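Single-letter residue listing:
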Amino acid sequence: MADPQSVLTQRVQSALSAAFGPEFADEDPVIRPSQFADYQANVALPLAKRLGRKPRDIAAAIVEHLDVADVCGEVEISGPGFLNLTLSDAWIAERASAVRSDPRSGVATQSPQVIPIDYSAPNVAKEMHVAHLRTTVVGDALARTLEFLGHRVIRQNHIGDWGTPFGMLIEYLLQVGADSAEAEFLTTDPNAFYQAARAEFDSREDFAARARQRVVLLQGGDEETLRIWRELVDRSKVYFNTVYAKLGVTLTDDDLAGESKYNDMLGPICDELEDRGIAMVSEGALCVFLDGYTGREGKPVPLIIRKSDGGYGYATTDLATIKYRVENLKADRVVYVIGAPQSLHLRMVFDTARAAGWLPPDVTPIHVQIGNVLGDDGKIMRTRRGQPLRLTALLDEAVQRAAGVVATTRPHLDAETRDRIAADVGVGAVKYADLSVSHDSEYVFDFDRMLALTGNTGPYLQYAAVRVRSIFRKGELKPEDATGPVTITEPAERALALKLLEFGPTVRQVGDTLEPHRLCAYLFDLATAFSTFFEECPVLKAGDDTVRASRLALSAATLDVLVRGLDLLGVNTPEQM
Ligand code: ARG
């Protein structure tokens, strides 16, 4: 797609090679939107040393060879040697018309990569908490965006479905019976089940002994034990799917690839690493010692891959995930959307996989670090008003609060329509709050702020889209018929058109950096530009037919980009609100 950044980059590269020789054609000039001109190129300064010339002279030489007559209205050298590039109105209008008629709104597909994404990953028989909410929401937005960019995304929901606690859980399910009210909790309130099992384990020695024996049976592949284990996992799936349905995320049962999936790989992984001298036994445990990982007093920190009791742990399983994703899934990029506190764990896993040669140099593993969600006391959000935090209750509260607003703003709508709007707005608000701050930073969970109709919130953007729709409704027109062409007569039209051209590059950038908040920031800017445009430029009442057609096209393009952009983030846009 011919977006301004790509076009200007090409032109500057040609000018560089014309001015200084073809070896400069590969130079990657930094060209960004700027407050001083539409775009600013920082290209002369980084070359000053290499060329042994003053940056301003270099800039002058570039301008002399720069062929942008069809694109730019003005080119200026500023400060120590920046290039200020002002696009021509005609070019902006022409490109905006192209975005308007492009069903992908100017987002080009990329050469496809295979990208497994590990996200969500709740634990069987445990309540999902806000940290799971955030990896689910961010991971899903990345999956949608990368898919839209043309990649083959393979969702990997690495649920915690194996390990020593399962002895206790299986034994408890056996004790209460599969048809009991306690067992029912697994699908509705898993913590209640887990805590009851735990209480039994802590207070009754005979139960604890049976639970320990059960772990041995489970690991030994005992049929009856595995059957009950499967029952536990199946009921947890029902619970996970309830949350996923409420959230509107794309995960299905087909994406489940839990810890147990890798059981058969763990022994061979340990053997291979030991045979090749990458792992060694230390104090009874099989460990990998890597350069650069030292703790207090310079003591090396090991990655333990087999405990002294012979059991495998979280690290061994994650070595298996990376090996599987590279060798079996043929990944080009391997993405882990996991809490920031797990960064040391993942770095050690990645480095071990590299050392073992399971990770070829051209495959990049990426840890998308998820920051903590804090309560209003500034502490990690685990409880609310003394109660354990239930994710479903949190989502329900968001929807209820939204319903309260819809009931006052749209009392005439029927109840079903109002409920649907409330669900889109409430859930959208929670998801957008997770997405709009950079994924690795902490933020405070605050219903009032996330549901506000002003500021960079989900409801504000949904409302912006609904407002555009109402223009068309009022004019008894359909957005899809507003094909333009775009012409530019007013500064607010120009600013809006220019913003529309940035959608493609923004989505591309989200795919490269795996940072959805960049798309949020963009959509917020777009909605703001539309707001100014709408205040300053009459659309339906525009005096001139060409101007009216152009303004309708700009409005329709804005609607498309808002709806598409929110959809890439996993946020629904209601028809009205
Ligand atoms: N189940 C883990 C937890 O709840 C997260 C797993 C993340 N994925 C992974 N491959 N380690 O903390």
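Remember, it's a predicted structure, so these values are computed and weren't measured experimentally.

In this structure, what is going on with the sheet that holds strand β9 (residues 300–306)? I would like to understand it.
Pairing between the strands of a sheet comes from backbone hydrogen bonds, and it takes one of two forms, parallel or antiparallel. Spatially, three strands are ordered β7-β8-β9 in an open sheet, and the strand pairing comes out antiparallel. Across the chains shown, the open sheet's two edge strands, defined by having one partner strand only, are β7 (279–282) and β9. Neighbour-to-neighbour, the strand axes of this sheet turn through a mean angle of 50 degrees, independent of strand direction. Pairing of strand β8 (residues 285–294) with β9, which is carried by five bridges, proceeds in the antiparallel orientation. Opposite Leu286, over in β9, you have Arg306 as the bridge partner.

Help me understand the site of the ligand, please; the structure alone is not making it clear to me.
Close contacts around the ligand come from Asp118, Ala121, Asn123, His132, His158, Tyr314, Asp318, Tyr336, Ile338 and Gln342, and that covers them all. At 2.7 Å from a nitrogen atom of the ligand is found a side-chain nitrogen or oxygen belonging to Tyr314. Between a nitrogen atom of the ligand and a side-chain N or O atom of Asp318, the distance comes to 2.8 Å. Contact with the protein chains covers 86% of the free accessible surface of the ligand, which is 350 Å². Mapped onto the shell around the ligand, the elements with two or more residues apiece are α12 (314–327) and β10 (333–339). Of the residues belonging to the shell around the ligand, the class tally is four nonpolar, four polar and two charged.

Whenever I open this one, the environment of Val130 confuses me. Can you help?
Assignment of secondary structure puts Val130 in helix α5 (residues 130–148). Residue class for Val130 comes out buried when judged on its relative accessible area of 4%. Sequence separation between Val130 and Phe445 is 315 residues; the distance between their C-alpha atoms is 9.4 Å.

Whenever I open this one, the pattern of salt bridges confuses me. Can you help?
Tallied over the full model, the rule gives 35 salt bridges. Among the ionic pairs, Arg401 bridges to Asp448, the shortest N-O distance being 3.3 Å. Of the two residues, Arg401 sits in helix α14 (residues 391–409) while Asp448 sits in helix α16 (residues 447–450), which places them 47 residues apart along the sequence. Residue Asp448 is classed as exposed on the basis of its relative accessible area of 58%. Here Glu515 makes a salt bridge to Arg518, at a shortest N to O gap of 2.6 Å. Note on Arg518: relative accessible area 30%, which makes it partly exposed. Through salt bridges with shared partners, a single ionic network connects Glu171, Glu200, Arg204, Asp206, Arg210 and Arg214.

Would you take a moment to explain the packing of aromatic side chains for this structure?
The way to describe two aromatic rings as a pair is by their centre distance and the angle between their planes. Summed over all chains, the structure comprises twelve aromatic pairs. Ring centres of Tyr172 and Phe193 lie 5.3 Å apart, and the angle between their planes is 70 degrees; this geometry places the pair in the edge-to-face category. With a gap of 21 residues between them, Tyr172 in helix α6 (residues 165–176) and Phe193 in helix α8 (residues 190–203) connect regions that are remote in the sequence. A relative accessible area of 7% places Tyr172 in the buried class. Centre to centre, the rings of Phe530 and Phe533 are 5.5 Å apart; their planes meet at 50 degrees, and the pair counts as tilted. Within this pair, Phe530 and its partner Phe533 are both found in helix α20 (residues 517–536), separated by three residues, close to a single helical turn. Accessibility expressed as a relative area gives 0% for Phe533, which makes it buried. An aromatic cluster of at least three residues, connected via ring pairs, comprises Tyr172, Phe193 and Phe207. When the ring centre of Phe148 is taken as origin, the NZ or CZ atom of Arg104, which lies over that ring, is 4.0 Å away.

How should I be thinking about the side chain of His439 in this particular structure?
Along the chain, His439 falls in the loop between α15 (415–436) and β15 (443–444). From its side chain, His439 meets the backbone oxygen of Gln369 in a polar contact 2.6 Å long.

What is the right way to look at the state of the cysteines in this model?
Two cysteines, two sulfur atoms, one covalent bond between them: this is a disulfide. Within this structure, the stated rule accounts for zero disulfides. With no disulfide of its own, Cys287 lies closest to Cys270 among cysteine sulfurs, the gap being 10 Å. Given the relative accessible area of 3%, Cys287 is considered buried.

Explain the layout of surface pockets here, please?
The gaps of empty space that remain are located by a probe, the size of a water molecule, rolled over the atoms. Computed from the structure, the second largest pocket encloses a volume of approximately 620 Å³. Forming the boundary of the second largest pocket are 20 residues, of which Gln5, Ile31, Pro33, Pro505 and Gln509 lie nearest the centre. Within the residue set of the lining of the second largest pocket, elements represented by two or more residues are α1 (4–20), β1 (30–33), α19 (503–513) and α20. The element contributing the most residues to the lining of the second largest pocket is α19, with five residues. Looking at the lining of the second largest pocket residue by residue, the classes come out as seven nonpolar, five polar and eight charged.

Please clarify how the pairing of strand β11 (residues 364–370) should be interpreted in this entry.
Successive side chains on a regular strand alternate, one facing one side of the sheet and the next facing the other. Pairing analysis gives seven bridges linking β10 to β11, with the strands arranged parallel. Within β11, the position partnered with Arg333 by the bridge is Thr364. Crossover connection from β10 via helix α13 (residues 343–356) to parallel β11: handedness right-handed.

Thresholds, definitions, all that
- For every chain, the first residue of the written sequence is number 1, and numbering continues from 1 onward in sequence order.
- The model is predicted, so local features are restricted to residues of pLDDT at least 70 and side-chain atom pairs to those at 80 or more, both for listing and for counting; the totals for chains, interfaces and linings are taken over all residues.
- Side-chain figures throughout are based on the complete set of non-hydrogen atoms in the structure, without hydrogens or water.
- Being paired, for any two strands, means DSSP has found at least two bridges between them.
- Helix numbering and strand numbering both begin at the N terminus, where a helix is a DSSP run of H or I of at least 4 residues and a strand a DSSP run of E of at least 2.
- Convention adopted: a line fitted to C-alpha atoms gives each axis, helices being fitted over their contacting stretch, and angles between N-to-C directions are expressed from 0 to 180 degrees.
- We call a residue near a molecule or strand when any one of its heavy atoms sits within 4 Å of it.
- By the criterion applied in these results, polar contacts are pairs of N or O atoms within 3.5 Å in which, for protein atoms, one can donate a hydrogen and the other can accept it, and in which residues neighboring in sequence qualify only through two side-chain atoms.
- For the area figures, the Shrake-Rupley method with a 1.4 Å probe applies, and any residue is considered shielded solely by the protein chains shown.
- Residue polarity follows a fixed list, in which Ala, Val, Leu, Ile, Met, Phe, Trp, Tyr, Cys and Pro are nonpolar, Asp, Glu, Lys and Arg are charged, and the others, Gly among them, are polar.
- A simple rule labels every residue: compare its accessible area, found with a 1.4 Å probe on the protein chains alone, to the largest value its type can have, and call it buried under 20%, exposed over 50%, or partly exposed in between.
- By salt bridge we mean one thing: a side-chain nitrogen of Lys or Arg within 4 Å of a carboxyl oxygen of Asp or Glu.
- Note on ring pairs: Phe, Tyr and Trp rings are taken, using the six-membered ring of Trp, and paired if centres are within 6.5 Å. Classes follow the plane angle, with under 30 degrees stacked, over 60 edge-to-face and the rest tilted.
- In this scheme, the term charge over a ring applies when either NZ of a lysine or CZ of an arginine sits within 6 Å of the ring centre and within 35 degrees of the ring normal.
- Two cysteine sulfurs form what is called a disulfide whenever their separation falls within 2.5 Å.
- Only protein atoms enter the 1 Å grid, on which a cavity is a set of points fitting a 1.4 Å probe that cannot get out and a pocket is an open set with protein on both sides within 12 Å along at least 5 of 7 lines, lining residues being those with an atom within 4 Å of a point.
- Grid points are joined across faces, edges and corners, and a volume is the space filled by probe spheres set on the points.
- With strands facing away from the observer, any crossover in which the path from the first strand over the helix to the second runs clockwise is taken as right-handed.

Everything listed is a geometric property; what it means functionally is a separate question.
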